[in-house]
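Structural features, examined
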Protein chains: 2
Amino acid sequence: MADRLIYLPLGGAGEIGMNAYVYGYGAPGKERLILVDLGVTFGDMDSTPGIDLIMPEMAWLEQNRDRLEGIFITHGHEDHLGALGHLSARLDVPIYARKFTGTLCRLKLEDQGLSPDMVRIVGPRPEATQLGPFKVQFVPISHSIPESSALTIDTPAGRIVHTGDFKLDGTPVVGDAFDPMMWRDIAQEGDGIKVLTCDSTNVFSPHPGRSEATLAQPILEWVMAQKNMVVATTFASNIARLKTLADAARASGRKVCLLGRAMRRMVSVGFDTGILTDFPETIGPEEAAGLPRDQVMLIVTGSQGERRAASAQLSRGRYLGLSLKEGDSFLFSSRTIPGNERSVIRIMNALSELGVNVFDADDGVFHVSGHANRPDIEAIHDLLKPGMVVPMHGEHMHLRAHMKLAQDRGTPSVIATDGMMVDLTGNAPKVVDHVETGRIYLDGSVLIGAMDGIVRDRIRMALNGQAMVSVIVDEDDNVLPDAWVELSGLADRTRGGDDLAQHIEGELAEFLDGADARVVRDDAKMDEAIRKITRQVAMEEIGKKPEVTVIISRLMAD
Amino acid sequence: MADRLIYLPLGGAGEIGMNAYVYGYGAPGKERLILVDLGVTFGDMDSTPGIDLIMPEMAWLEQNRDRLEGIFITHGHEDHLGALGHLSARLDVPIYARKFTGTLCRLKLEDQGLSPDMVRIVGPRPEATQLGPFKVQFVPISHSIPESSALTIDTPAGRIVHTGDFKLDGTPVVGDAFDPMMWRDIAQEGDGIKVLTCDSTNVFSPHPGRSEATLAQPILEWVMAQKNMVVATTFASNIARLKTLADAARASGRKVCLLGRAMRRMVSVGFDTGILTDFPETIGPEEAAGLPRDQVMLIVTGSQGERRAASAQLSRGRYLGLSLKEGDSFLFSSRTIPGNERSVIRIMNALSELGVNVFDADDGVFHVSGHANRPDIEAIHDLLKPGMVVPMHGEHMHLRAHMKLAQDRGTPSVIATDGMMVDLTGNAPKVVDHVETGRIYLDGSVLIGAMDGIVRDRIRMALNGQAMVSVIVDEDDNVLPDAWVELSGLADRTRGGDDLAQHIEGELAEFLDGADARVVRDDAKMDEAIRKITRQVAMEEIGKKPEVTVIISRLMAD
């Protein structure tokens, strides 16, 4: 069979987060493969209580590991590189990234006790990495973290442009500006661009995106207008924003103090790799606490309301010797990601209770997005004139809107969500296969499958409460009197005021007393009967059907 | 001591939801009391998993029940009357409301098996209810449910206006328009208005609010532009919106089908009380399923993404014989309440997967708020010229902003959150006492206290998992070999691939084998030691510290 060019998202398509996109070229079923990005997404109490990180299921890629040539990381955001430390050892191929991003990749590996040597630092275009049938170049593109790159992936079937996350920013403050002339060249080289795999995040935003540089003046004016301590929070990785904030502090005679491990790490890597220059000198929290309040600006983590981050700690009172007071000012220079609203609002109210004046970016004055809006997406389609568009980095509705946008302009497109293998060889993308995909969870220190039932059990315990029943059966298959019931997460009193556990014990004793010997001898039957009675009694008495764990201990003859 | 006029919020101040405001007049500590509203708020998985409803703690009012004259319900929203069925029996006083609202109150009592007779239907101003030192009038005001009322509460110390929820809407489609002339009269009667207790919900919205009537044209145009089945969702109680949607259906030749119990109940009460007139005839789901798709509009519950409501059911496939298809259109004519974003987005994506075109109210074209925006709040301050302003119906940050707004205009104000007793007698509000308040939860069929630890245990089980350990001690205080461990919501394998439960059992066996007799005889010591070992082993092996329940069974000599 003829060689073909394929695209297979394993994460990031049909969701925003945990990006992992496979490209392949070769005979069907024997394509040589590369992986673009290997990110995480974050859980929530609703669907993944207790889970630390969520990653794409790599089973398909592990099974085809001998065909995998390497991993390319487009930029340093967690949803693009966060799973490296947990999953790259299973794939065991080199990881390619530019310097700043690659340094972050190495830290991710070291965090998990792995050698950073698998990370190969490569330069931007015109430097190229040839792996099997793929020639890959990192092309600077603007986003909300420095050194973001699109990839050109040249294959025997033609050129792919994989945008990564991007916006059209001619003045991004830190990092490479969007360069339309270079992109025009890329579109005109050879046979032009066959496939554009394109960021869909902001396809519903109708107005052209604004440059990072537009924030400098409003933020400076805001800082100048504040009379006491100033605190600003944003995404730790948004180094340009950190610089804009810090520059405003310097210009208004304030010293900058950075709080939060992630932020200090980002800035440190920014310095080390030469990405970040002319950043104001920073001071530690102890020194900040000693200065007059109108001479300090804290720049802190926790813009999404994370419970343990600096913003939340400050809102609860003292943090590292610093405390906020009546008349201080707190700026959220960030957008709240859907799902985090209540956490952010909780912090805003806690700050309000301290008398702190809270400012947010709702009206767009103090924050700009890192993603291309609808007109910008149209502009990149126009500029690159691809033969087809494959929308990525979006939930289903984003992918669908992006596909329609392309199709309305006469460009073939398709909705391909995680696990859908798309043949890109012809003149239009075509779904040719479905691959088993899913999610794996980092839970404490182990990886578990999303479908293992562990999280399902947690959710059930949280919603329904938990009852534990212990029953002892003696050597002669007689049930000892008094089943023991312990309740957790359940009302302990019935509507009538009785002790619920005792009430269940009473009903169980009655059942056990008259239980048939065949039931008593059979663990499964005993378990089922006890479970059923426990749930029935709880339902009658308090209107809940708890999860039930039954432990049957059978005494052995000595 | 001289008589005083007091205000005491028990719910709704420092939060949005579960409104319950007490006013009192008389000798300090002996004031006669009235309660305005008795609402609920809704829980979430983050903070209240498994909880059905959240209500204000009424302990203070129960203790002072002999001083309570009655309850006044301003309007029919759940956050103003939803707790009546659960709590009013404890207070045992008459409930006063206008006809439509009162009918909803009666249904709430009947839902809980209580007699509806405690509800007294009263007419709007000039009708007045005299209870002890209070003369209370219901004054029609516009909001997002018909028959919303502010209250004038005349006391020997002066007149209070309690706005309830309101907006300034001269054309509210259904129900009473805002009538500035009447309000001017109210402000000019007698000594004018001493206290304005005022809705703060939209104090951060900078533009004047828009009328419900402005939606008719855009919604009609939208419906006319759709080619297949049309579905619209909004709050069930927003009868004006239901009428606007249904009118648009009728004008475009579509039959209306209402889906969702809450919505059908609201419309039915609307008809019965004469509030709702000239509403298009509706059809049932069966008939709707039989009509051509371009002749139907479904108006459905579930605008907040509620899992069991009609919107969610439709997004998952079939519901009552109806199913959505490629090319159908779905309108969210509603605002997403913070915290519900992910649920709403989940439905939007599920609809996208069905090929349904989703439209939302993000840009304000298809939804208007029911609350007064900042300029409207300023307008009501201007119109009523109160001696002081007490902000209510808001989180701390809303109350604070509203207080500042009042103070900036020269009107004394105060932040009073739940449990803060405010003396209104003088020329400025003054916090004079703090009363124990809190929340109670409806959990299944029982009421539990927020601080009882039940919900805390659920959250811990959800985050950390649960281990159950059963140990048997014989008649001679010897521990039988083999502690039994059951895990729930925990990885069953260690990083090394061992069975975690067995591993814990092994460690426990080792401990029990060498345990001191004084420990074995002491339940508390055994419990503590077993718990500690279980948590340690789990932490080492999987990085989690589970909740542990230990059951020690002691065999008795026969």
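Residues numbered from 1 in each chain as written. Chains lettered and ligands numbered in written order. Predicted model: local features only at pLDDT ≥ 70, side-chain atom pairs only at ≥ 80, totals over all residues. Heavy atoms only, no water.

**Thoughts on the environment of G327 of chain B**
Residues and elements named next belong to chain B.
- Take G327: it is sitting in the loop between strand 18 (322–323) and strand 19 (329–332).
- Sequence separation of G327 and E62 is 265 residues, and the distance between their C-alpha atoms is 56 Å.
- When neighbours within four sequence positions are excluded, G327 is seen to be in contact with N228, G355 and N357. (Helix = DSSP H or I, 4+ residues; strand = E, 2+ residues; numbered from the N terminus. Contact = heavy atoms within 4.5 Å.)

**Describing the pattern of salt bridges**
Residues and elements named next belong to chain A.
- Applying the stated criterion to the full structure yields 56 salt bridges over all chains.
- Close ionic contact of E31 with R4 constitutes a salt bridge, the shortest N to O distance being 2.5 Å. With E31 in the loop between strand 3 (20–26) and strand 4 (32–36) and R4 in strand 1 (residues 4–11), this residue pair connects regions lying 27 residues apart in the sequence.
- R409 is the partner of D382 in a salt bridge, and the nearest nitrogen-oxygen pair spans 2.3 Å. Pair noted here: D382 is in helix 12 (residues 374–384) and R409 is in the loop between helix 13 (396–408) and strand 23 (420–423), with a separation of 27 residues, a long-range link.
- The class for D382 is partly exposed, based on a relative accessible area of 43%. (Salt bridge = Lys/Arg side-chain N within 4 Å of Asp/Glu carboxyl O. Buried < 20%, exposed > 50% of the residue type's maximum accessible area, 1.4 Å probe, protein only.)

**Focus on the UniProt feature "domain: Metallo-beta-lactamase" (unreviewed entry) in chain A**
- When the UniProt feature table is mapped to this numbering, "domain: Metallo-beta-lactamase" (unreviewed entry) covers residues 17–207 of chain A.
- Span residues 17–207 of chain A is 20% helix and 29% strand, its end C-alpha atoms 24 Å apart. (UniProt positions renumbered as here; feature names shortened; annotations may be inferred.)

**Examining the interface of chain A and chain B**
- Listed per partner, the contact involves 60 residues of chain A and 60 residues of chain B.
- Close ionic contact of D443 of chain A with K544 of chain B constitutes a salt bridge, the shortest N to O distance being 2.8 Å.
- Taken together, chain A and chain B are joined by 30 residue pairs in polar contact (both at pLDDT 80 or more).
- Mapped onto the side of chain A that touches chain B, the elements with two or more residues apiece are helix 11 (341–353), helix 13, strand 26 (446–449), helix 14 (454–464), strand 27 (466–473), strand 28 (484–488), helix 17 (523–542) and strand 29 (547–554) of chain A.
- Residues belonging to the side of chain A that touches chain B are distributed by class as follows: 25 nonpolar, 18 polar and 17 charged. (Polar contact = N/O pair within 3.5 Å; in protein donor to acceptor, adjacent residues only side chain to side chain. Nonpolar A, V, L, I, M, F, W, Y, C, P; charged D, E, K, R; others polar.)

**Brief notes about the packing of aromatic side chains**
- What the rule picks out here adds up to 18 aromatic pairs over all chains.
- Consider the rings of W222 of chain A and F359 of chain A, whose centres lie 5.3 Å apart with planes at 75°: the pair is edge-to-face. Placement of the pair is W222 of chain A in helix 6 (residues 216–225) and F359 of chain A in strand 20 (residues 357–359), with a sequence separation of 137 residues.
- The class of W222 of chain A is buried, set by a relative accessible area of 6%.
- A ring pair is formed by F72 of chain B and F138 of chain B, whose centres lie 6.1 Å apart and whose planes are at 45°; its orientation type is tilted. Taken together, the residues span a long stretch of sequence, with F72 of chain B in strand 6 (residues 68–72) and F138 of chain B in strand 10 (residues 134–140) at a distance of 66 residues.
- For F72 of chain B, a relative accessible area of 0% puts it in the buried group.
- Exposure remark for F138 of chain B: the relative accessible area of 1% places this residue in the buried category.
- Here the aromatic residues Y7, Y21 and Y23 of chain A are joined through ring pairs into a cluster of three or more. (Phe/Tyr/Trp six-rings, centres within 6.5 Å; stacked < 30°, edge-to-face > 60°.)

**Notes on the nonpolar core**
- Judged by nonpolar contacts, the single largest core of 69 residues is most densely connected at V471 and M526 of chain A together with V471 and M526 of chain B.
- Contacts of M526 of chain B, omitting those with residues within four sequence positions, involve V471, V473, V479, L512, V519, V520, I552 and R554 of chain B.
- L81, L104, A236 and F366 of chain A belong to the second largest nonpolar core, which has 65 residues in total. (Core = buried A, V, L, I, M, F, W, Y, C linked by side-chain atoms within 4.5 Å.)

**Some details on the sheet that holds strand 24 (residues 430–434) of chain A**
Residue and element names in this part refer to chain A.
- Taken together, 8 strands build an open sheet; the order of strands is 8-7-6-4-3-1-23-24 and the sheet is mixed. With one partner strand each, in any of the chains shown, strand 8 (119–121) and strand 24 form the two edges of the open sheet. Recorded for the sheet is a direction-independent mean angle of 25° between the axes of neighbouring strands.
- Sheet analysis places strand 3 next to strand 4, joined by 5 bridges and oriented antiparallel. Residue pairing across strands places Y23 opposite I34, the latter belonging to strand 4.
- Packing of helix 4 (residues 99–111) onto the sheet brings it into contact with strand 7 (95–97) and strand 8, and relative to strand 8 it is tilted by some 165°. (Pairing = 2+ DSSP bridges. Axes fitted to C-alpha atoms, helices over the stretch in contact; angles between N-to-C directions.)

**Some points on the domain arrangement of chain A**
- On domain assignment, one finds that chain A holds domain 1 (4–207 + 369–449), domain 2 (212–359) and domain 3 (465–554).
- Computed from C-alpha atoms alone, the centre-to-centre distance between domain 1 of chain A and domain 3 of chain A is 53 Å. (Domains from an automatic or database assignment.)

**Quick word on the side chain of D328 of chain A**
All names here are of chain A.
- Position of D328 relative to the elements: it lies in the loop between strand 18 (322–323) and strand 19 (329–332).
- A distance of 2.6 Å separates a polar atom in the side chain of D328 from a polar atom in the side chain of R293.
- Discounting residues that sit within four places of it in the chain, D328 has contacts with N228, M229, R293, S323, V356 and N357.

**With respect to a negative patch on the surface**
- A surface patch of like charges, here negative, comprises E475 and D476 of chain A together with E475 and D476 of chain B.
- Its place among the elements puts E475 of chain A in the loop between strand 27 and strand 28. (Patch = residues over 30% accessible without salt bridge, like charges linked within 9 Å, V, L, I, M, F, W, Y side chains within 5 Å. Areas by Shrake-Rupley, 256 points an atom, 1.4 Å probe, with all protein chains shown as cover. Lys, Arg positive; Asp, Glu negative; His and termini not counted. Charge placed at Lys NZ, Arg CZ, Asp CG, Glu CD.)

**Points about the sheet that holds strand 5 (residues 53–56) of chain B**
Residue and element names in this part refer to chain B.
- If you walk across this open sheet you meet the 3 strands as 5-25-26, and the pairing is antiparallel. The outermost strands of the open sheet, each flanked by one partner alone, are strand 5 and strand 26 (446–449). Strand-to-strand, the axes of this sheet are offset by a mean angle of 35°, without reference to chain direction.
- Bridge count between strand 5 and strand 25 (residues 439–443): 4 bridges; the pairing is antiparallel. Across the sheet, the residue bridging to L53 is L442, located in strand 25.
- Across the sheet, helix 3 (residues 84–91) is in contact with strand 5, strand 25 and strand 26; its angle to strand 5 comes to roughly 30°.

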